[in-house]
Amino acid sequence: MKMKTAFPDISIIGAGVAGLTTALELRIRGANVSIFERNGEIGGNASWQAAGMLAPWCEGESACHRMTAPGLTAIDWWNRALPGLVKRTGTLVVAMPRDADELNRFAARTSNFCQLAMTDIADLEPDLAGRFRSALYFRDEAHLDPRKSMLALYRKLSDMGVQFHFNHDNLYPPGFDLAVDCTGMGFADKNLRAVRGEILLLRTSEVALTRPVRLLHPRFPIYVVPREDHCYLVGATMIESDSTSAISARSAMELLNAAYALHPAFGEAEIVETAAALRPAWPDNLPRVSLSDKTIVINGLYRHGFLLGPEMAKQAATRIFEEF
Ligand SMILES: Cc1cc2nc3c(=O)[nH]c(=O)nc-3n(C[C@H](O)[C@H](O)[C@H](O)COP(=O)(O)OP(=O)(O)OC[C@H]3O[C@@H](n4cnc5c(N)ncnc54)[C@H](O)[C@@H]3O)c2cc1C
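Residues numbered from 1 in each chain as written. Predicted model: local features only at pLDDT ≥ 70, side-chain atom pairs only at ≥ 80, totals over all residues. Heavy atoms only, no water.

End to end, helix α8 (residues 249-262) covers 20 Å across 14 residues, agreeing with the expected 20 Å (1.5 Å per residue, within 8%). Where α8 is concerned, the buried positions are S251, A252, E254, L255, A258, A259 and L262. With its buried residues spanning 165° around the axis, α8 presents them on a single face. Relative to its buried face, α8 has exposed residues pointing more than 90 degrees away, namely A249, R250, M253 and N257. Looking at the buried residues of α8, the elements they touch are β4 (91-95), β10 (193-203), β11 (213-216), β12 (222-226), β13 (231-235) and β14 (239-240). (Helix = DSSP H or I, 4+ residues; strand = E, 2+ residues; numbered from the N terminus. Expected span 1.5 Å × (residues − 1). Buried < 20%, exposed > 50% of the residue type's maximum accessible area, 1.4 Å probe, protein only. Arc of directions from axis to C-beta. Contact = heavy atoms within 4.5 Å.)

If you look at the biggest cluster of nonpolar residues, it comprises 46 residues, and the most contacted ones within it are I35 and W78. Once residues lying within four places of it in the same chain are set aside, the contact partners of W78 are V17, T21, L54, P83, V86, L144, S149, L153, F306 and P310. V94, I121, V234 and I247 belong to the second-largest nonpolar core, a separate cluster that totals 29 residues. (Core = buried A, V, L, I, M, F, W, Y, C linked by side-chain atoms within 4.5 Å.)

With 12 residues, helix α1 (residues 17-28) ought to run about 16 Å at 1.5 Å a step, and its terminal C-alpha atoms sit 17 Å apart, in line with that. When you tally the buried positions in α1, you get 10 out of 12 residues, the bulk of the element. Taken together, the buried positions of α1 are V17, A18, G19, L20, T21, T22, A23, L24, E25 and L26.

In the vicinity of the ligand lie 37 residues, with E37, S47, M53, Y302 and R303 positioned nearest. Backbone polar atom of G52 to an oxygen atom of the ligand: 3.1 Å apart, as the coordinates give it. At 3.4 Å, a backbone N or O of L301 approaches an oxygen atom of the ligand. Compared with its free state, where it exposes 1,000 Å², the ligand has 96% of that area covered by protein. Of all elements in the fold, only α1, α2 (46-49), β15 (270-281) and α9 (305-323) reach the threshold of two or more residues within the shell around the ligand. (Near = heavy atom within 4 Å. Polar contact = N/O pair within 3.5 Å; in protein donor to acceptor, adjacent residues only side chain to side chain. Areas by Shrake-Rupley, 256 points an atom, 1.4 Å probe, with all protein chains shown as cover.)

Before going further, it helps to examine the packing of aromatic side chains. On inspection of all chains with the given rule, the structure shows nine aromatic pairs. Measuring from centroid to centroid gives 5.7 Å for F36 and F176, while their planes differ by 85°, and the two rings are edge-to-face. Here F176 lies in the loop between β8 (163-165) and β9 (178-181) and F36 lies in strand β2 (residues 32-36), a separation of 140 residues in the sequence. Pairing Y232 with F266 gives two aromatic rings, centres 5.3 Å apart and planes at 85°, and the pair type is edge-to-face. One end of the pair, Y232, is in strand β13; the other, F266, is in the loop between α8 and β15, with 34 residues separating them in the sequence. Overall, the relative accessible area of 4% leaves Y232 in the buried class. Ring pairing ties together the aromatic residues W77, W78 and F306, which thus form one cluster. It is R288 that lies over the ring of W282; its NZ or CZ is 4.6 Å from the centre. (Phe/Tyr/Trp six-rings, centres within 6.5 Å; stacked < 30°, edge-to-face > 60°. Lys NZ or Arg CZ within 6 Å of the ring centre and 35° of its normal.)

Right under this line is the structure:
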């Protein structure tokens, strides 16, 4: 079926990273776009709680390598869409001396890194001087602040004429040529599962890290991602659960212990925020763009909404303009 008009009216349901990136791709191609979001404002979803790492090589440790190429494109995509918000500082991966095997295992499963000795680590992150004997440095990786990025996308899309409708729970509003469903865990499909992630936001001026640092551990690997205002996001648990309850005491303790192991000054940090969110995942943990008659579904972004969202958005926009 061909679209009746070169400038179709498209509704996007859900204003997470999937909905916002798709809105931009569609608007750039000339579609008239309206976004319908259940919440009263931008945020309150999985995307809001994400760490914002654009780390295709590190993620290759636990995911298939199909994400490397789209992940690379994503760094450029975010940089073009929101100039100045992407930080291309790379990722540092460390392990306590007793967990040296973890570093070897991580190295064996990933690529595009260099090995650092103690002095190199001190050059890169002076606050970690003397704390770790060796590290892996993934210099081509990047990160962004998801909250700042989503708010910036919201402003950009509004300026481009995209209409936002908040507090909207009526799934597919009538009057559009096509709907794009980007509802994350709001999408009803028995194959879609939730992987709960819990995070802490700590504030301290006693530690100065300039890039995401992953601390490997056989049972509880964590990452610490710098944010503005001396804040650090510490995350994240991976729990097969759709519970939306507050972070558990066990998870908070594990995350705090790991942050303390990375740098003892985190022990004095202020806990600014704790949060839990649900990552939407298909059984193979890969995202999908699927089509039915007048609806396109983009879902299953799992751990990689910011890394793979732009690629899914481009795929969806291409299919909309070529196949409908
Ligand atoms: C702790 C944590 C850390 C993460 N870190 C990273 C990272 O470093 N890098 C990375 O790339 N990814 C990361 N992710 C993954 C990323 O956050 C998710 O893949 C992504 O947020 C999924 O985006 P989404 O738009 O599909 O879903 P969501 O962000 O959940 O958005 C879905 C939206 O749809 C709305 N909605 C649902 N139902 C309806 C309805 N009926 N009507 C209207 N609106 C509706 C919801 O309110 C919500 O706003 C992380 C996730 C978590 C939880």
